[in-house]
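Each chain, written out:
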Amino acid sequence: SGDGVQCSDVDECTEGTDNCSNNAFCENTEGSFVCECAPHFSGDGIECVADEGCISLENFETTWPNTDWQSPWAMPLDGELLATAAHTGEQGIFGLQERALNGALALGQDGDSLGVWLRLDNVGDHASLSFGSSEDGGFDVRVDGSGGLSVLSWHRDDSHSILNETIAAIPTGEWLYLSIRFRDAGIDATLSVAGNVLTEVSADPGTTLTGSPGLIGTSGTAIDGLVACSPQPLQDECAMGIDECDS
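This structure is a prediction, so every number in the text was calculated from the model and none was measured. (Residues numbered from 1 in each chain as written. Predicted model: local features only at pLDDT ≥ 70, side-chain atom pairs only at ≥ 80, totals over all residues. Heavy atoms only, no water.)

Chemist: Hey, could you run me through the overall build of the protein in this one?
Modeler: Broken down by element type, the protein carries 3 helices and 19 strands. Within the protein, residue pairs in contact and separated by at least 24 positions form 58% of the contacts whose partners lie at least 6 positions apart. Of the accessible surface of the protein, which amounts to about 11,700 Å², a share of 45% is contributed by carbon and sulfur atoms. (Helix = DSSP H or I, 4+ residues; strand = E, 2+ residues; numbered from the N terminus. Contact = heavy atoms within 4.5 Å. Areas by Shrake-Rupley, 256 points an atom, 1.4 Å probe, with all protein chains shown as cover.)

Now the structure itself:
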């Protein structure tokens, strides 16, 4: 934009005038922008479809609280569905401070993976992809606005032990994509922003990793577009509560 003598670049990604898919990164370039599908999706960036073996677990497009959300999710009634917390649709969840686990699905076998969009609005915020059970505990892969990316074990009393961590500058106010992949008794996690890998971390807990996928954050975190992938069939829409049948 400008008067033809002095021109300045318009950041279509920031202004929301790009045509990238909801499941794509938008990267600003001089005079234009580039769309790139997020992990677990394929396409040209304008259209992105879920990879084979991947399904959407939650897009937060229903009212809050909602029975479809509470079952099969074990979910305290905190957090808000807000348009300002949306990345993949009209609404996302903001301020989800209690761990929510999807009890209809068990992941953790070699080749399974999870992905989610996250935004930390303040340096002190953090958000995690979780898996485990409320009875036995489990593991968090946490994005921390004040530190970086870590893998933690969590217990029934919600105490934590850090298994491994990487220190990185985490941008606030920007959408990040967190992807984790399971391998035997190990976890590999990647955090990306604008299509570029920001940091990675791996951990080998040395114990079974199978559990229900879940989410947890702090008061200033937005979460949207949770995806699960597996070489084994996952698509039981009725049990998972992602069918579109009339109630």
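That shown, we press on.
Chemist: I keep staring at the pairing of strand β16 (residues 186–193) and nothing clicks. Help me out?
Modeler: A regular strand places its side chains so that they alternate between the two faces of the sheet. Burial of β16 is extensive: 6 of the 8 residues sit out of reach of the surface. By the bridge criterion, 7 bridges tie strand β15 (residues 175–183) to β16 in an arrangement that is antiparallel. Opposite Arg-183, over in β16, you have Gly-186 as the bridge partner. Linkage of β15 to β16, two consecutive antiparallel strands, is achieved through a turn of 2 residues, within which Asp-184 is found at a positive phi near 45 degrees. Alignment of β16 against strand β17 (residues 196–203), held across 7 bridges, turns out to be antiparallel. Considered in β17, the bridge of Leu-191 is made with Thr-199. Taken together, β16 and the strand that follows it, β17, pair antiparallel across an intervening segment of 2 residues, in which Ala-194 is found at a positive phi of about 50 degrees. (Buried < 20%, exposed > 50% of the residue type's maximum accessible area, 1.4 Å probe, protein only. Pairing = 2+ DSSP bridges.)

Chemist: Would you mind going over the pairing of strand β19 (residues 221–229) with me for this structure?
Modeler: In terms of burial, β19 is largely enclosed, as 9 of its 9 residues are buried. In this structure, strand β5 (residues 54–58) lies alongside β19, joined through 4 bridges in antiparallel fashion. Looking at the pairing, Ser-56 lines up with Val-227 of β19. By the bridge criterion, 2 bridges tie strand β8 (residues 92–94) to β19 in an arrangement that is antiparallel. Bridging from a neighbouring strand, Ile-93 pairs with Ile-223 of β19.

Chemist: Hey, could you run me through the side chain of His-87 in this one?
Modeler: Along the chain, His-87 falls in the loop between β7 (80–82) and β8. The exposure class of His-87 is buried, given its relative accessible area of 17%. Within the local environment of His-87, its side chain forms a polar contact with the backbone oxygen of Asn-22, the two atoms lying 2.9 Å apart. For His-87, the residues in contact, after removing those within four places along its chain, are Asn-22, Ala-24, Trp-117, Trp-175 and Asp-224. (Polar contact = N/O pair within 3.5 Å; in protein donor to acceptor, adjacent residues only side chain to side chain.)

Chemist: Is there a simple way to explain the environment of Gly-103 in this structure?
Modeler: Relative to the helices and strands, Gly-103 resides in the loop between β9 (100–102) and β10 (113–120). Judged by its relative accessible area of 57%, Gly-103 is exposed. Sequence separation of Gly-103 and Ser-212 is 109 residues, and the distance between their C-alpha atoms is 5.5 Å. Residue contacts for Gly-103: discarding those within four places in its chain leaves Pro-72 and Ser-212.

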